Number of protein chains: 2
Amino acid sequence: MRATLMYGAGDVRIEDVPDSVIKQPTDALVRITASCVCGSDLWPYATRKPEDPPARMGHEFIGVVEDVGTEVTTVKKGDLVVAPFAISDGTCAFCHEGVHTSCANPQAGFWDGIPDEGGQAEAARVPLADGTLVRLPVAPDSALMPSLLTLSDVYGTGFHAAVCGGVGPQTRVAVIGDGAVGLLAVLSARQLGAEQIILMGRHQVRTDLGREFGATDVVAERGQEGVEKVRELTGGEGAHVVLEAVGLMSAYEQALGIVRAGGVISRVGVPQYEDAPIGFGSLFGPNVRLAGGPAPTRAYVESLMPDILSGAIEPGKVFDAVTDLDGVPAGYRDMADRKSLKVLVNL
Amino acid sequence: MRATLMYGAGDVRIEDVPDSVIKQPTDALVRITASCVCGSDLWPYATRKPEDPPARMGHEFIGVVEDVGTEVTTVKKGDLVVAPFAISDGTCAFCHEGVHTSCANPQAGFWDGIPDEGGQAEAARVPLADGTLVRLPVAPDSALMPSLLTLSDVYGTGFHAAVCGGVGPQTRVAVIGDGAVGLLAVLSARQLGAEQIILMGRHQVRTDLGREFGATDVVAERGQEGVEKVRELTGGEGAHVVLEAVGLMSAYEQALGIVRAGGVISRVGVPQYEDAPIGFGSLFGPNVRLAGGPAPTRAYVESLMPDILSGAIEPGKVFDAVTDLDGVPAGYRDMADRKSLKVLVNL
């Protein structure tokens, strides 16, 4: 079978690899029909060292179950399924508490923790299939496929940001980042009833989509100028909830500048820093809370799917390019160059 | 009148100062009847430089209203009142949202921001009296005085920790710190119905009081040993809510070690650090939230008072020493030396 490998920064290749096969009685083998490139894939694409061993890539996909292990009961051969970006058993204490990304099962974890598997490939072995996979009640050629694929990561991640931030009516929200997650955080904030949604971003095609998703204001300025603009738009008081969908220290600092006293900074951009200000002069003094993390998208799939199936929302609009597996390396390049927002891979 | 001044680390004096007087139409002049020394007073007591100008001290007190400005309507001469440690107008957006410590009124703030006033004194001018002061329905010689005085800071602060942590039934709580705030965080967690309350502290007199307040377990160990002990007591999973009532980096690190994935670290100890780990390897990866700050105790006074008046709880038990104004310097010393948990000052 063919799969995507990253050899180092800027070096993504499609190669023949050994076929994925069932290894555990709880596995499912999935023939992938739709996949995509994630904003988080761009971090290793920018920084991975050539001496690191080649890495299998991809953690968002939809596919058809080809085979299941002897203990799998919730999906069967022929089912169309979506795979969240974290593997979880659905039965441990953490899954019950909605933190599937911290599932206690030894087989659980992120795709990059599973040797020789990845979602940008023709097939994948999915561990803990009963807990991880969710059946989709449509055919693989459904026009809903792009939107359903966002349940795997970006939509669930944007929604997680909004949920962790406690967005509701009367909430003034600011979203930092006009990538796919930021835009779907806008959509999620609107779904949760936010009174005001300020999108901070400077790429007009993207911020236009943000407006379509529900942004009431767009702020292109960054740094102190951006802080002042958001403060101005919030009556001088700042945003109740800041959804930080970038992960850079500059985005965290931006969040500190625009969050309201007593508010929340909810992070879903993977932090590219470890230490940051949280003392009296930043978070503590104004009682600002910090929330977020890798989204347990599995927790949200069932509740987010109906609005996609009904056509009420179309999160799949974040895909502005479509390619096949051979086009994946170009897809990485285009996303890194910001020529594409998010690349859909049809297989 | 006489008041407490800090001249530098370890140098606290009682001196004659100009009488406090009404300056603004929203002020009240309060003759102080009960005051106390705060754990947070011990930070400057340890570090204040002799070249700094002498500072008036104290931010927790009860007293009798002697006079009010022309605009004050909610308290009058002769009323017994408690003063929260933050001045707030009770009318701005932040007060309405329960963050009185971030009140937008220019006269609002902490006591150390008010020149020539302080709570360890015979009297104080209280700005924004209508918003700040709360009448007490007892006489100044009531036996409830120690407990009512805790509404000013330590009980409200412990309660704020528990509220910000989202403590409720089914919550396993760990409290770091056996000072007055830590012990009252234990009491608060019990009031909010916590299933398990693990108190981390090594001073048996204090942890015994913690057990009386509701601690189900006491862990004397610190560092990695303490982490392992708490993990063991929580089925290997960690505490849903960690109430951090110390403020040192070591306490934050302890919190990171014992908090459960998807849990909350709620800080009320004033952080003696600004930067700290919050990236993938600490908060972000396990979706741990960070909450807390200086407690808007004004927000809690009315709801916490009834259980004190009825005798259902006795938070005033944190006072293990009583003195008069002349005894305040010795009170600081005894608290710094951990000979006293918290010193009550009767005037």
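Just so it is clear, the structure is predicted and the values come from calculations on it, not from any experiment. (Residues numbered from 1 in each chain as written. Chains lettered and ligands numbered in written order. Predicted model: local features only at pLDDT ≥ 70, side-chain atom pairs only at ≥ 80, totals over all residues. Heavy atoms only, no water.)

Student: Residue-level account of the interface of chain B and chain A, with values.
Tutor: In this complex, chain B contributes 42 residues to the contact, which on the side of chain A involves 42 residues. Summed over both sides, the interface of chain B with chain A buries roughly 3,100 Å², with 60% coming from carbon and sulfur. Its largest share of buried area at the contact with chain A, chain B owes to Ile278, Phe284 and Asn287 of chain B, together 22% of the area lost on that side. Remark: the boundary between chain B and chain A carries two salt bridges. Arg260 of chain B serves as the salt-bridge partner of Glu97 of chain A, at 2.8 Å between the closest nitrogen and oxygen. Sorting the residues of the side of chain B that touches chain A by element identifies α2 (93-96), β15 (259-267), β16 (275-277), α10 (280-284) and β17 (289-292) of chain B as the ones contributing at least two each. In terms of residue count, α10 of chain B provides more of the side of chain B that touches chain A than any other element does, five residues in total. Among the residues forming the side of chain B that touches chain A, the class breakdown is 22 nonpolar, 13 polar and seven charged. With three bridges joining them, strand β16 (residues 275-277) of chain A and β16 of chain B adopt antiparallel strand pairing. Across the sheet, the residue bridging to Asp275 of chain A is Pro277 of chain B, located in β16 of chain B. (Contact = heavy atoms within 4.5 Å. Buried area = accessible area lost by both parts, 1.4 Å probe. Salt bridge = Lys/Arg side-chain N within 4 Å of Asp/Glu carboxyl O. Helix = DSSP H or I, 4+ residues; strand = E, 2+ residues; numbered from the N terminus. Nonpolar A, V, L, I, M, F, W, Y, C, P; charged D, E, K, R; others polar. Pairing = 2+ DSSP bridges.)

Student: Tell me about the environment of Phe213 of chain B, residues and numbers included.
Tutor: All names here are of chain B. In this fold, Phe213 is placed in helix α7 (residues 204-213). Distance from Phe213 to Leu248, taken between C-alpha atoms, is 24 Å for residues 35 residues apart in sequence. When near neighbours in sequence (up to four residues on either side) are disregarded, Phe213 contacts Leu183, Leu184, Val186, Leu187, Arg190, Glu314, Pro315, Lys317 and Val318.

Student: Describe the UniProt feature "domain: Alcohol dehydrogenase-like N-terminal" (unreviewed entry) in chain A, with residues and values.
Tutor: Per the UniProt record, the feature "domain: Alcohol dehydrogenase-like N-terminal" (unreviewed entry) sits at residues 25-130 of chain A. From the first C-alpha to the last, residues 25-130 of chain A spans 11 Å; its make-up is 11% helix and 29% strand. (UniProt positions renumbered as here; feature names shortened; annotations may be inferred.)

Student: Go over the relation of the copies chain B and chain A with me, naming the residues and quoting the values.
Tutor: Copies of the same chain, two in number, are related to each other by a rotation about an axis and a translation along it. Taken as rigid bodies, chain B and chain A are interconverted by a rotation of 180° and an axial shift of 0.0 Å, the fit giving an RMSD of 0.0 Å. These values place the two chain copies in the arrangement generated by a two-fold rotation axis. For chain B, the minimum C-alpha distance to the rotation axis belongs to Leu290 of chain B and amounts to 2.5 Å. The residues that chain B uses at the interface reappear at the interface of chain A in 100% of cases, marking a shared surface. (Least-squares fit on C-alpha atoms with pLDDT ≥ 70 in both.)

Student: Please provide a residue-by-residue account of the sheet that holds strand β4 (residues 55-56) of chain B, values included.
Tutor: Residues and elements named next belong to chain B. Spatially, the three strands line up as an open sheet ordered β2-β1-β4, and their pairing is antiparallel. One side of each edge strand has no neighbouring strand; the edge strands of this open sheet are β2 (11-16) and β4. Of the strand pairs in this sheet, strand β1 (residues 2-8) and β4 are connected by two bridges, and their pairing is antiparallel. Its bridge partner lying in β4, Leu5 is registered against Arg56. Contacts from helix α12 (residues 328-336) reach β1 and β2 within the one sheet, and its direction differs from that of β2 by about 165°. (Axes fitted to C-alpha atoms, helices over the stretch in contact; angles between N-to-C directions.)

Student: Which residues make up the UniProt feature "domain: Alcohol dehydrogenase-like C-terminal" (unreviewed entry) in chain A, and what are the values?
Tutor: According to UniProt, the positions carrying the feature "domain: Alcohol dehydrogenase-like C-terminal" (unreviewed entry) are residues 180-292 of chain A. Along residues 180-292 of chain A the backbone is 42% helical and 27% strand, and the end-to-end C-alpha distance reaches 17 Å.

Student: Could you give me a rundown of helix α6 (residues 180-191) of chain A, with the residues and numbers involved?
Tutor: Residue and element names in this part refer to chain A. Helix length check: α6, at 12 residues, gives a terminal C-alpha distance of 16 Å against a target of 16 Å (1.5 Å per residue), a fit within 8%. Counting buried residues in α6 gives 10 out of 12 residues, a clear majority hidden from the surface. Those residues of α6 that sit buried are Ala180, Val181, Gly182, Leu183, Leu184, Ala185, Val186, Leu187, Ser188 and Ala189. Summarising the contacts, the buried residues of α6 are in contact with α5 (154-164), β11 (172-176), β12 (196-200), α7 (204-213) and β14 (239-244). Remark: Gly193 follows α6 within two positions and exhibits a positive phi of approximately 90°. (Expected span 1.5 Å × (residues − 1). Buried < 20%, exposed > 50% of the residue type's maximum accessible area, 1.4 Å probe, protein only.)

Student: Describe the packing of aromatic side chains, listing the residues and the values that go with them.
Tutor: All chains considered together, the criterion is met by 14 aromatic pairs over all chains. Plain terms: the ring middles of Phe85 of chain A and Phe110 of chain A are 6.0 Å apart, the flat faces sit at 10° to each other, and that makes the pair stacked. One end of the pair, Phe85 of chain A, is in the loop between β6 (80-83) and β7 (86-87); the other, Phe110 of chain A, is in strand β8 (residues 109-110), and 25 residues separate them in sequence. Among the aromatic residues, those joined into a cluster by ring pairs are Phe85 and Phe110 of chain A together with Phe280 and Phe284 of chain B. Above the face of the Tyr7 of chain B ring, Arg13 of chain B is positioned so that its terminal group lies 3.6 Å from the ring centre. (Phe/Tyr/Trp six-rings, centres within 6.5 Å; stacked < 30°, edge-to-face > 60°. Lys NZ or Arg CZ within 6 Å of the ring centre and 35° of its normal.)

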